[in-house]
Amino acid sequence: MTLDIPNLKPDYDQRLRDEAAEEPTLEVPQGEPTKKTQIIAIYGKGGIGKSFTLANLSHMMAEQGKRVLLIGCDPKSDTTSLLFGGKACPTIIETSTQKKLAGEEVGIGDVCFKRGGVFAMELGGPEVGRGCGGRGIIHGFELLEKLGFHDWDFDYVLLDFLGDVVCGGFGLPIARDMAQKVILVGSNDLQSLYVANNVCSAVEYFRKLGGNVGVAGLVINKDDGTGEAQAFAKAVDIPVLASIPQDEDLRKKSANYQIVGTKAGPWGDLFAALGENVAEAPPLRPVALSQDGLLELFSAEETGADFVLEPATDADMRGKNAKPKESLEVVYDDV
């Protein structure tokens, strides 16, 4: 007995096998980028507020008369939720799978949606434990190219990337010069600045290979005024593009999927300034810090930076199984 699947092209199975066998290329293009569209990749630690920052930034840039495309490149697919009032939009990868099973092609209207002048979509990712998130990102961009990505007319394309993961898929914009510049989102905590520092290291690595991507600056989210993030930006030689305060009004509105990046609200000036800074900031070559250099931004009481390492011994490792080793020394009888 065979399965009768309607609208399935005769070579469907073979095309799937061929596509699965294709290896993505991560060569670094040479030469300066010439595309008029500014493609900006935003990186930061998971949960640091990239989606909050980008949803409001994109909305404000649209209010400023810019054509903006926001693309979520995080398998959690939470980038557009705030923009769309908490509603999750169909992801490119999930929609592509469903369409292929039906023998149909993916259309723009299947994956791209708009609000307040912002066009937005989610790449998505595999189900937990069933695939590589980085490979899903690569596959998603391959689909975007088939949809005509390079022919679209936008002033800004904002890419929301998870910064915790350093595999090739999440490093795609930096490795392949897909973006002109990177923006970091961090806070006054060691973990988010550790991620930001890793991204600086990746940028410098690919610049040495001939790449052109640079870091435009740092957005400090939930700024409590302690100053570690400002000190980090100064140390790696990048500007602070905006400091979004740790504020209860912002927290509540974000939790309720309310846009604050609008001229009609009290936070409009902050995001308007951020929009201008993002547009004008040049891509710079950061000077990534060493692990010790990063720890020095914080007090030793917070990080344990003054801790002295005590080497373990073989006896420590063996515990109750420890016993004296037989000596290999040769002892001669007295003559």
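Quick caveat, the model's predicted, so the values are computed rather than measured.

This part covers the sheet that holds strand β5 (residues 156-162). The strand order across the open sheet formed by 8 strands is β3-β4-β2-β5-β1-β6-β7-β8, and the pairing between neighbours is mixed. A single partner strand is all that each edge strand has here, and the edge strands are β3 (113-115) and β8 (240-245). Within the sheet, the average angular offset between the axes of one strand and its neighbour, ignoring direction, is 20°. Both strand β2 (residues 68-72) and β5 contribute to a ladder of 5 bridges, which runs parallel. When the sheet's bridge partners are listed, L70 is paired in β5 with L158. Sitting on the sheet, helix α8 (residues 228-236) touches β7 (214-223) and β8, and the angle it makes with β7 is about 170°.

With that out of the way, let us pick up the nonpolar core. In this structure, I71, F141, V182 and L184 are the most contacted members of the largest nonpolar core, which totals 49 residues. Take this core: its biggest share by element is 6 residues, from helix α7 (residues 190-208). Look past the residues within four positions of V182 in its chain and what remains in contact with it is A41, Y43, I174, V199, V203, V213, G214, V215, A216 and G217. Counting residues in hydrophobic clusters, the runner-up holds 36 residues, among them L57, V68, F271 and V278.

This brings us to the packing of α7 against α8. The angle between the axes and the distance between the axes are what describe a pair of packed helices. Contact geometry of α7 with α8 gives a least axis separation of 11 Å together with a crossing angle of 15°. Relative to α8, the element α7 is oriented roughly parallel. As α7 packs across α8, the resulting crossing turns out to be right-handed. Each of L193, A196, N197 and C200 in α7 lies in contact with α8, whose residues at this interface are E228, A229, F232 and V236. When its residues are assigned to classes, the contact of α7 with α8 shows 6 nonpolar, 1 polar and 1 charged.

Taken residue by residue, a regular strand's side chains alternate between the two faces of the sheet. Taken across its 7 residues, strand β1 (residues 38-44) has 6 buried, putting it largely inside the fold. Here β1 pairs with strand β6 (residues 181-186) via 5 bridges, running parallel. If you follow G44 over to β6, its bridge partner there is V185.

Another aspect to go through is helix α2 (residues 50-63). In a regular helix each residue adds 1.5 Å, so 14 residues correspond to 20 Å; α2 covers 20 Å between its end C-alpha atoms and thus fits that length. α2 sits mainly inside the fold: 13 of its 14 residues count as buried. Directly beyond the C-terminal end of α2, a positive phi value near 95° is found at G65.

Taken as a whole, this structure holds 6 aromatic pairs when the rule is applied. Ring centres 5.4 Å apart and planes at 70° place the aromatic pair F119 and F154 in the edge-to-face group. With a gap of 35 residues between them, F119 in strand β4 (residues 118-122) and F154 in the loop between α5 (133-146) and β5 connect regions that are remote in the sequence. Plain terms: the ring middles of F141 and F161 are 6.4 Å apart, the flat faces sit at 0° to each other, and that makes the pair stacked. Note that F141 is positioned in helix α5 and F161 in strand β5, a separation of 20 residues in sequence. For F141, a relative accessible area of 4% translates into the label buried. According to the relative accessible area criterion, F161 is buried, its value standing at 0%. An aromatic cluster of at least three residues, connected via ring pairs, comprises Y43, F141 and F161.

What counts and what doesn't
Counting from 1, residues in each chain are numbered in the order their sequence is written. Totals for whole chains, interfaces and linings use every residue, but because this is a predicted model, local features are given only for residues with pLDDT of at least 70 and side-chain atom pairs only at 80 or more, for both listing and counting. Side-chain descriptors were evaluated using all non-hydrogen atoms of the structure, hydrogens and water having been removed beforehand. In short, DSSP must find at least two bridges between two strands for them to pair. A run of H or I in DSSP counts as a helix once it spans at least four residues, and a run of E counts as a strand once it spans at least two, with each numbered from the N terminus. All axes are obtained by fitting lines to C-alpha atoms, using only the stretch in contact for helices, and the reported angles, taken between N-to-C directions, cover 0 to 180 degrees. The contact rule is simple, with two residues in contact once any of their heavy atoms fall within 4.5 Å. Buried Ala, Val, Leu, Ile, Met, Phe, Trp, Tyr and Cys residues that are joined via side-chain atoms within 4.5 Å together make up what is termed a nonpolar core. Each residue's exposure class comes from its accessible area (1.4 Å probe, protein chains only) as a fraction of the maximum for that residue type: buried when under 20%, exposed when over 50%, partly exposed otherwise. For classification, angles of less than 35 degrees are called roughly parallel, those exceeding 145 degrees roughly antiparallel, those between 65 and 115 degrees roughly perpendicular, and all remaining angles oblique. Two helices cross in a left-handed way if the nearer one is turned anticlockwise from the farther one by less than a right angle. They cross in a right-handed way if the turn is clockwise. Amino acids outside the nonpolar list (Ala, Val, Leu, Ile, Met, Phe, Trp, Tyr, Cys, Pro) and the charged list (Asp, Glu, Lys, Arg) are all regarded as polar, and Gly is one of them. Working rule for helices: expected span equals 1.5 Å times residues minus one. Any Phe, Tyr or Trp ring, taking Trp's six-membered ring, that has another such ring centre within 6.5 Å forms a pair; planes under 30 degrees apart are called stacked, those over 60 apart edge-to-face, and the others tilted.

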